[in-house]
Amino acid sequence: PDVLLGGAGRDTLRGGGGGDALRGGPANDELDGGPNGDVLAGGPGRDVATFARSPAAVRVDLADGTAEGAGTGRDRLRAIEDVRGSAAADILLGDPRANRLEGGRGEDILGGRAGDDLLDGGQGWDRGDGGPGADRCRRVEEAISCVPTRSLGIAADQGPLERLLDPRLAWNTFLGGPGEDYPAAVEKVPTGGTYVVGTSAAPWGSPLRSFEGGGTDAFVARLDAGGRVLWSTFLGGAGQDVASDVAVLADGTVVVAGWSGATWGTPVREHRGSADGFIAFLDPTGALRTLTFVGGSGRDRLAAIAPSPEGTSVVAVGTSSRSWGNPLAPFSGGTDTLVAALGPGGGLRWSTFLGGSGDDGGAAVATSGDTFVVAGHASAGFGSPVRPFAGGARDALLAALEPGGALRWTTFLGGAGTDEATTLALRDDGTILAAGWSSTGWGEPARAFSARSDGFLAEVSTDGGLARSTFVGGAGWDRVDAVGVDPSGNAFAVGRSTASWGTPRRAYAGGEDAFLASVDGAGGVPWLTFLGGAGNDVGADLAFATQAVVVTGMSDASWGDPVRPFRGGWTDVFAASVPIRAADLAVSQRVRGPYLGRGISGDGQTLRASALVGDTATFYVRAWNEGALVDQIRFAGCSSSEGFGVRYFRGSTDVTASVVDGTLLSAPLPTGAHAQLRVEILVKRTARVGDTKSCRITGSSAAAGRMRDTVRVTVKVVSD
């Protein structure tokens, strides 16, 4: 007998001829005992016991810690969360925790218990019972107490994903360690993937630059298109360091903004106050090239950064508590919005202040052509605004500046309550889309204010005039934290809500949830999805990938089926890829016979029916447009074969040739609408009892062909 011990990383431990002891380490390990009764003991991570090498069926019960089978003997299991079965007909039973039970090629029985389980039947005709808890099942033909999940095809820059997937979530992952981790921003990598920046209170991962302490350090992580961490690094020193935003310059340089409580590194401009803004320039491999500080003797914090229109320098916005440098416009008192431009080497080109006698602060900046636009808040009116300060504790502030820093105009957005602009984006024509939150209604919104606080979106013209506005939210507390416009001009907003609202594609789960919503030109919300679990989850930023939106935010508990697990502490940063082009198929329970015995069974993804020779079984396949945009569904299906004839109909029209060729398109479908296809399978006179016809039918987004879903129908010939 052997003793196999896992190390600090993710290990695969395989026993030999008999009686082995396999003990996992702190990471997520895979334990494979082999024959003749082994001890499989997991560690602190999420560990899987696999019986894929077993030549015979196994019965695994995680609750009593046993696994038995002719090919394995009697194994003892400890601290095992997940099970992977053999190629035979297995019985896999969970425990009160959240388990993942995966069958193989046999006809398996999967049983969850009290946790939020994932049941994956694999190949074969499988049965599953999720038990209590929020359970999901995939490839389980006879399923109860679990919600069927589908595997969405992934867009070209998302990569293959052999994982259980939420029907409306391509992937999600967590970033962080044993301390508290907070999100800041996400940006698309030009060559594929994303950069995620945030703040951590303890070290995690294998960083290029180590965690320095002092309370918190900023971090940067590069993710590939499937959500896996390629590299990460920390930025900071002995003081408190916080990240706020990230941008990518034309040459691929990664620029991170934030603030530091003390100096660190070798800065171009030294640290001067109790807190200074920092701007760090990194190469695409994560190496720190240049660092500079922005600020004076007071407290200066940078909140956002944007590349200049030519893509070689940056403009930053934040808040200052006192005057410093040689500003174009003077400091006015309280706190002022700070705007600063820096060259490629980190040198300060100019700075200016915006504000009045009260407290003012900057939150976002965007550039386009010869205009810089800044968003934030003000506690009193100042200057000669296009739209006056409305009163209340705060109004949202928008300001447009010349490339050299001179002020063009300012305007205020809000009403009698508290209003703050947290984010903005620019359309190709220069129109400004500003967003944030309000405590009361104001203006003439397309969608009315609901309650407590709502997120707002406002479209502002190039001269500062308010064109239209709308509110998003429901009966709880809602706000918008990020807004973006995709290359086709479609607007999306990320935020947070404490109660459900609208008609979400992915349901509100409880506590506080992040949301992603599309907003049309009239101010409506045609598409909405929530992100999160039973804990508290907030959205922070978004970036556009190919036919998907990548959202970053923060969670205090795990949810989804993450690429990198939630690591504990109080909070972790999350990143999630949400398809905006997606098809979702279901095969209807309405099947016209005649059929015999139990006749039909299945879970909406797979249906089976029995039929006599000469009979026709009819199935109805519905394909929903689950994406955020108007789309068409492209259908493809099997053809006739020996003993079986297959025909497809759209209404009364025979469309068999087009479906077999994979060229049939539905009419354009708004988000949430569906198209229906009727499938008729004739059992020919040449068929024999016991013959089966299994037919896979696929629906895919016409705009993004790899965003697809599949159902399967099977007809078995029986005798009377």
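Parameters at a glance
- Residues numbered from 1 in each chain as written.
- Predicted model: local features only at pLDDT ≥ 70, side-chain atom pairs only at ≥ 80, totals over all residues.
- Heavy atoms only, no water.
- Phe/Tyr/Trp six-rings, centres within 6.5 Å; stacked < 30°, edge-to-face > 60°.
- Helix = DSSP H or I, 4+ residues; strand = E, 2+ residues; numbered from the N terminus.
- Buried < 20%, exposed > 50% of the residue type's maximum accessible area, 1.4 Å probe, protein only.
- Salt bridge = Lys/Arg side-chain N within 4 Å of Asp/Glu carboxyl O.
- Contact = heavy atoms within 4.5 Å.
- Polar contact = N/O pair within 3.5 Å; in protein donor to acceptor, adjacent residues only side chain to side chain.
- Pairing = 2+ DSSP bridges.

S.K.: Mind showing me how you'd approach the packing of aromatic side chains here?
M.R.: Aromatic ring pairs are described here by two measures, namely the spacing of the ring centres and the angle between the planes. Enumeration over the complete set of coordinates arrives at 22 aromatic pairs. Summarising the aromatic geometry, the rings of F174 and W559 are spaced 6.2 Å apart at their centres and angled 90 degrees between planes, so their arrangement reads as edge-to-face. Here F174, found in strand β19 (residues 171-175), pairs with W559, found in the loop between β45 (548-555) and β46 (572-579); they are 385 residues apart in sequence, far enough to count as distant. Judged on exposure class, the residue F174 and its partner W559 are both buried. Ring centres of W501 and F530 lie 6.4 Å apart, and the angle between their planes is 90 degrees; this geometry places the pair in the edge-to-face category. You can see W501 sitting in the loop between β41 (491-497) and β42 (513-519) and its partner F530 sitting in strand β43 (residues 527-531), a full 29 residues away along the chain.

S.K.: Is there a simple way to think about the pattern of salt bridges in this case?
M.R.: Pairing between side chains becomes possible if they bear opposite charge and their charged atoms approach one another. For the structure shown, the criterion picks out 25 salt bridges. Across the pair E402 and R408 runs a salt bridge whose closest N-O atoms are separated by 2.9 Å. Under the relative-accessibility criterion, R408 is labelled partly exposed at 34%. R468 is the partner of E459 in a salt bridge, and the nearest nitrogen-oxygen pair spans 2.6 Å. E459 sits in the buried class, given a relative accessible area of 15%. When salt bridges that share partners are traced, they join E30, R84, R100, E102 and D561 into one network.

S.K.: Explain the environment of D61 here, please?
M.R.: Tracing the chain through its elements places D61 in strand β7 (residues 58-61). Spatially, the C-alpha atoms of D61 and R567 are 26 Å apart, while their sequence positions differ by 506 residues. Apart from residues no more than four positions distant in its own chain, D61 is found in contact with T66, L93, G94 and R113. In terms of polar contacts, D61 uses its side chain to reach the side chain of R113, at 2.9 Å.

S.K.: Please clarify how the environment of F492 should be interpreted in this entry.
M.R.: As for its position among the elements, F492 is in strand β41. Taking the relative accessible area as the measure of exposure, F492 reaches 0% and is therefore buried. Between the C-alpha atom of F492 and that of V525, which follows or precedes it by 33 residues, the distance is 9.5 Å.

S.K.: So what exactly am I meant to see when it comes to the pairing of strand β31 (residues 348-354) here?
M.R.: Side chains on a regular strand alternate between the two faces of the sheet. Taken across its seven residues, β31 has five buried, putting it largely inside the fold. Linking strand β30 (residues 336-342) back to β31 in an antiparallel pair, the connection comprises five residues, with G346 at a positive phi of about 90 degrees.

Distances and angles like these do not, on their own, reveal function.
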